[in-house]
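One letter stands for each residue in the lines below.
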Amino acid sequence: MRRHLRTRPEPPAETAPRRGRLSGRWLAALLVTGVLALLVPGVSFATASQSRPAKATAATAATADVAVGCRGVTPAVFPAVGFITNPSRSQAGHLWWRHLTGGICIGTVIEWVQYNTTATKTWRVIVYSAQHPNGQVLAQRAFTLGPGWYWWSFGVHQVFSGLSAVCITADDSFGAPCLHFGPSSG
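What comes next is a walk through the structure. Keep in mind it's a predicted model, so treat the numbers as computed, not measured.

1. As for the pairing of strand β5 (residues 103-115)
Item 1. Of all 13 residues in β5, 13 are buried, a share of seventy percent or more.
Item 2. Here strand β4 (residues 93-100) folds back onto β5 in antiparallel fashion, the turn holding two residues, of which Gly-102 has a positive phi close to 100°.
Item 3. As paired elements, β5 and strand β8 (residues 148-160) share 11 bridges and run antiparallel to each other. Bridge pairing in β8 links Glu-111 to Trp-152.

Spelled out as structure tokens, the structure:
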């Protein structure tokens, strides 16, 4: 029988550094980022220079209980508009959505933006619903980036009753493509 000497005591489980595997969600995100970086030359992942969280409202608080576990399962593609486009100009981005009790769940929203010169733009996800017919900015990030194509992932994960549209933009001068949800969608 072999014995190994320990020169220092092992830390208790609650203070030990976390060890183990990455979750499936993180592995999938890393895989998508890696594939995009390898397949599309000149594409960069945007890094945040500033951020402002979405402001909570009574409407979002009312759906918070329903939104627990809100993950979209059906993909939908935003049409390319102006500088809101991927390198192949086939889409401006995409999102995942699904029907839930109380409305439509919007999961993750991906936005692509092309920069021709170095500029500072604020990327936004805007929803239009019965509670916000003039639009509500759910997520936004400001970026100062050089020429190239960039993408960013916004984790919305909220349920909206009376949802009519979801739009993305990087300042209105860059375009604002939308996905429309009619009465048959919610």
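Still to come is the rest of the account.
2. Focus on the pattern of salt bridges
Item 1. Per the counting criterion, the structure on display carries two salt bridges.
Item 2. Note that Lys-121 is salt-bridged to Asp-171, the shortest N-O span being 3.9 Å. Here Asp-171 lies in the loop between β9 (165-170) and β10 (178-180) and Lys-121 lies in strand β6 (residues 119-128), a separation of 50 residues in the sequence.
Item 3. Classification of Asp-171 as buried rests on a relative accessible area of 19%.

3. Describing the state of the cysteines
Item 1. With the rule as written, the count across this model stands at two disulfides.
Item 2. The disulfide partner of Cys-70 is Cys-105, and the S-S distance across this bridge is 2.0 Å. Residues Cys-70 and Cys-105 share a disulfide whose torsion about the S-S bond is about 110°; that sign makes it right-handed. With Cys-70 in the loop between α3 (64-67) and β3 (74-78) and Cys-105 in strand β5, this residue pair connects regions lying 35 residues apart in the sequence.

About the criteria used
Residues numbered from 1 in each chain as written. Predicted model: local features only at pLDDT ≥ 70, side-chain atom pairs only at ≥ 80, totals over all residues. Heavy atoms only, no water. Buried < 20%, exposed > 50% of the residue type's maximum accessible area, 1.4 Å probe, protein only. Helix = DSSP H or I, 4+ residues; strand = E, 2+ residues; numbered from the N terminus. Pairing = 2+ DSSP bridges. Salt bridge = Lys/Arg side-chain N within 4 Å of Asp/Glu carboxyl O. Disulfide = S-S within 2.5 Å.

Keep in mind that these numbers describe shape and distance, not what the molecule does.
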